[in-house]
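# Architecture and fold: a report
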Amino acid sequence: MSSDLLPASYRHLEPWVDRWALASQVERETTRRASTGAQLKAFYDALVGEGDGIVAHLNALPLDQLAAPERRLLYLMLSLAEVAPHVELYRGDPRVPFSFEEERFIAEHGAAPGFNGDLYALPNRPA
């Protein structure tokens with residue numbers, strides 16, 4: 001029995017929805033860092049071959065009007081984009097090897113208060 005979490009053509013990917021269909025970049029990064037290399041690889045293997053079809057499916061729809069199943073499918077693809085470098089480049093390491101602590105940087109959507117788009121006008125910017 002299907003739960004209709006994803007469009008009919010992609011219902012076989014529903015086992016990944018609870019963990020990986022995440023709306024924010026912060027959630028995706030946090031989940032990636034909390035995963036094992038084996039978990040990243042399993043998710044990657046399940047979705048990577050589906051990518052072209054999923055992108056074609058989503059491109060046929062207005063992004064701002066996605067129904068919940070399509071929105072979850074988009075979130076799965078965004079999680080795949082988060083996970084792929086760790087599988088393809090970092091040998092399954094859920095962190096970025098030889099790098100700073102990622103938790104120091106938090107993705108912020110939208111402009112910071114008072115930001116007018118001019119990076120040179122930011123206060124406390126070194127000359």
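Residues numbered from 1 in each chain as written. Predicted model: local features only at pLDDT ≥ 70, side-chain atom pairs only at ≥ 80, totals over all residues. Heavy atoms only, no water.

### Quick word on the side chain of Ser79
This is how the line gets drawn: Here a helix means four or more residues in a row that DSSP labels H or I, a strand means two or more in a row labelled E, and each is numbered from the N terminus. Whether a residue is buried, partly exposed or exposed follows from its accessible area with a 1.4 Å probe, protein chains only, as a fraction of its type maximum: under 20%, in between, or over 50%, in that order. Whether two residues touch is decided by their heavy atoms; if any such pair falls within 4.5 Å, the residues are in contact.
Relative to the elements of secondary structure, Ser79 occurs in helix α5 (residues 68-88). A relative accessible area of 0% places Ser79 in the buried class. Setting aside residues no more than four positions away along its own chain, Ser79 makes contact with Trp20, Leu22, Arg28 and Phe43.

### Observations regarding the packing of aromatic side chains
Any pair of aromatic rings gets described here by the distance separating the centres and the angle formed by the planes. Selection rule: Aromatic rings from Phe, Tyr and Trp, taking only the six-membered ring of Trp, are treated as a pair when their centres fall within 6.5 Å; an angle between ring planes under 30 degrees marks them as stacked, one over 60 as edge-to-face, and anything in between as tilted.
Across all of its chains, the model carries two aromatic pairs by this definition. With a centroid separation of 4.6 Å and 15° between ring planes, the pair formed by Trp20 and Phe43 is classed as stacked. Taken together, the residues span a long stretch of sequence, with Trp20 in helix α1 (residues 17-20) and Phe43 in helix α3 (residues 37-48) at a distance of 23 residues. The same class applies to Trp20 and to Phe43, which are both buried. One aromatic cluster in this structure is built from Trp16, Trp20 and Phe43.

### Thoughts on the side chain of Glu70
Selection criterion: The charge count treats Lys and Arg as positive and Asp and Glu as negative. His and the chain ends do not count. Between Lys or Arg on one side and Asp or Glu on the other, a salt bridge is scored when a side-chain nitrogen of the former is within 4 Å of a carboxyl oxygen of the latter.
Within the secondary structure, Glu70 is located in helix α5. For the buried Glu70, no salt bridge is present, and the opposite-charge side chain at shortest range is Arg72, 7.8 Å distant. When residues no more than four places from it in sequence are discounted, the contact partners of Glu70 are Pro7, His57, Leu58 and Leu61.

### Structural notes on the packing of α3 against α5
How we decide: Geometry is summarised by axes, namely lines fitted to C-alpha atoms with helices restricted to the contacting stretch, and by angles between N-to-C directions that run from 0 to 180 degrees. Here the word oblique covers every angle except those under 35 degrees (roughly parallel), over 145 (roughly antiparallel) and from 65 to 115 (roughly perpendicular). Crossing handedness: left-handed means the near helix sits turned counterclockwise from the far one by under a right angle, and right-handed means the same turn made clockwise. As a working rule, the residues Ala, Val, Leu, Ile, Met, Phe, Trp, Tyr, Cys and Pro are called nonpolar, Asp, Glu, Lys and Arg charged, and the rest polar, with Gly in that last group.
One way to put it is that α3 packs onto α5 with a least axis distance of 9 Å and a crossing angle of 120°. Of the possible angle classes, the one that applies to α3 and α5 is oblique. As for how α3 packs across α5, the hand of that crossing is left-handed. Here Leu40, Lys41, Phe43, Tyr44, Leu47 and Val48 of α3 lie close against α5, whose contacting residues are Leu76, Met77, Ser79, Leu80, Val83, Ala84, His86, Val87 and Glu88. A per-class count over the contact of α3 with α5 returns 11 nonpolar, two polar and two charged.

### Details of the environment of Leu63
In this structure, Leu63 sits in the loop between α4 (51-59) and α5. Residue classification places Leu63 among the exposed residues on the basis of a relative accessible area of 63%. Taking the C-alpha atoms as reference points, Leu63 and Leu74, separated by 11 residues in sequence, lie 9.5 Å from one another.

### Let's talk about α3
Our working definition: Multiplying 1.5 Å by the helix residue count minus one yields the expected span of that helix. The directions considered for the arc are those from the helix axis to the C-beta atoms.
The end-to-end C-alpha distance of α3 is 16 Å, a good match for the 16 Å that 12 residues give at a rise of 1.5 Å each. Buried within α3 we find Leu40, Phe43, Tyr44 and Leu47. The arc that holds the buried residues of α3, viewed along the axis, is 100°, so those residues lie on one side. Residues of α3 that are buried make contact with α1, α2 (25-33), α4 and α5.

None of the figures reported here should be taken as evidence of function without further support.
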